[in-house]
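As a plain string of letters, each chain reads:
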Amino acid sequence: MKQVLIVYATQTGNTKKLADAINGAAKEHEVTIMPVDEADPAKAGEYDVVFVGTPIHAGGLSAQAKEFLEGLPEGGDVTLAGFVTHSSSAFRPEGFRRGLETFDEVSKTKKIDCLGVFDCQGKLAPELHDFVKQNLGVSDEEFARIMAETDPHPDDADLKAAAEFAVMILNQVGRGRQPL
């Protein structure tokens, strides 16, 4: 049985849905799940794997997730996996890719293993609609089309894929496989 920590930041509930799917996939293990701002990164080494979930905000990770990752202890005692939500159809893809790369950067800087990052389309927070629409410079009709693409996510297929990702990560932990 593995000790699993799942921490997440969420604004619209998208990332929490993924955290719950990962939790369900890890049901054979001892799981602790909580909002990232309630977690102590200094204790991450007490777990066999730490899943960190966050929405992508302005091309980067949420402030809470960044703070958690920056607080992780250096050295080989932490095995990390990430999961993120983003509104990629509302932004340029390179914006959310920068957020994904943060996990790799933290892994290298902290000298810890990051076994992978799952990403998923998510619903854009309603309070950001006007800001995003203005930045995109699109018509009301075009913005409505973009939002129609993001609103159903994460859907059942996304949640299933998140659970499969968790199983893949959990199967790697303790088997001496190389990080992805």
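This text goes with the structure placed above it.
Just so it is clear, the model here is predicted, and its values are computed rather than measured.

Cut-off values and rules
- Residues numbered from 1 in each chain as written.
- Predicted model: local features only at pLDDT ≥ 70, side-chain atom pairs only at ≥ 80, totals over all residues.
- Heavy atoms only, no water.
- Helix = DSSP H or I, 4+ residues; strand = E, 2+ residues; numbered from the N terminus.
- Rg over C-alpha atoms; globule rule 2.2 N^0.38 Å.
- Pairing = 2+ DSSP bridges.
- Right-handed = clockwise from strand over helix to strand, strands pointing away.
- Buried < 20%, exposed > 50% of the residue type's maximum accessible area, 1.4 Å probe, protein only.

Draft legend 1. Representation of the overall build of the protein within the structure. On a plain count of helices and strands, the protein comes out with six helices and six strands. Taken from N to C terminus, the helices and strands of the protein fall in the order β-α-β-β-β-α-β-α-β-α-α-α. Its C-alpha atoms give the protein a radius of gyration of 16 Å, near enough to 16 Å, the size a compact globule of 180 residues would have. With the principal axes as the frame, the protein shows a C-alpha extent of 50 × 30 × 30 Å.

Draft legend 2. Inspection of the pairing of strand S2 (residues 30–35) at higher detail. Relative to S2, strand S1 (residues 3–8) runs parallel, the two being bridged by six bridges. Looking across to S2, one finds that Leu5 is bridged to Thr32. For the handedness criterion, the β-α-β arrangement of S1, helix H1 (residues 14–25) and S2 is classed as right-handed.

Draft legend 3. Unusual backbone geometry, seen in detail. Between His153 and Pro154 the backbone carries a cis peptide bond, its omega angle lying at 0°. On the secondary structure map, Pro154 appears in the loop between helix H5 (140–150) and helix H6 (156–172). Even without glycine at this site, Lys111 takes up a positive phi of about 60°. Its location among the elements puts Lys111 in the loop between helix H3 (93–110) and strand S6 (113–121). By relative accessible area, Lys111 is classed as exposed at 60%.

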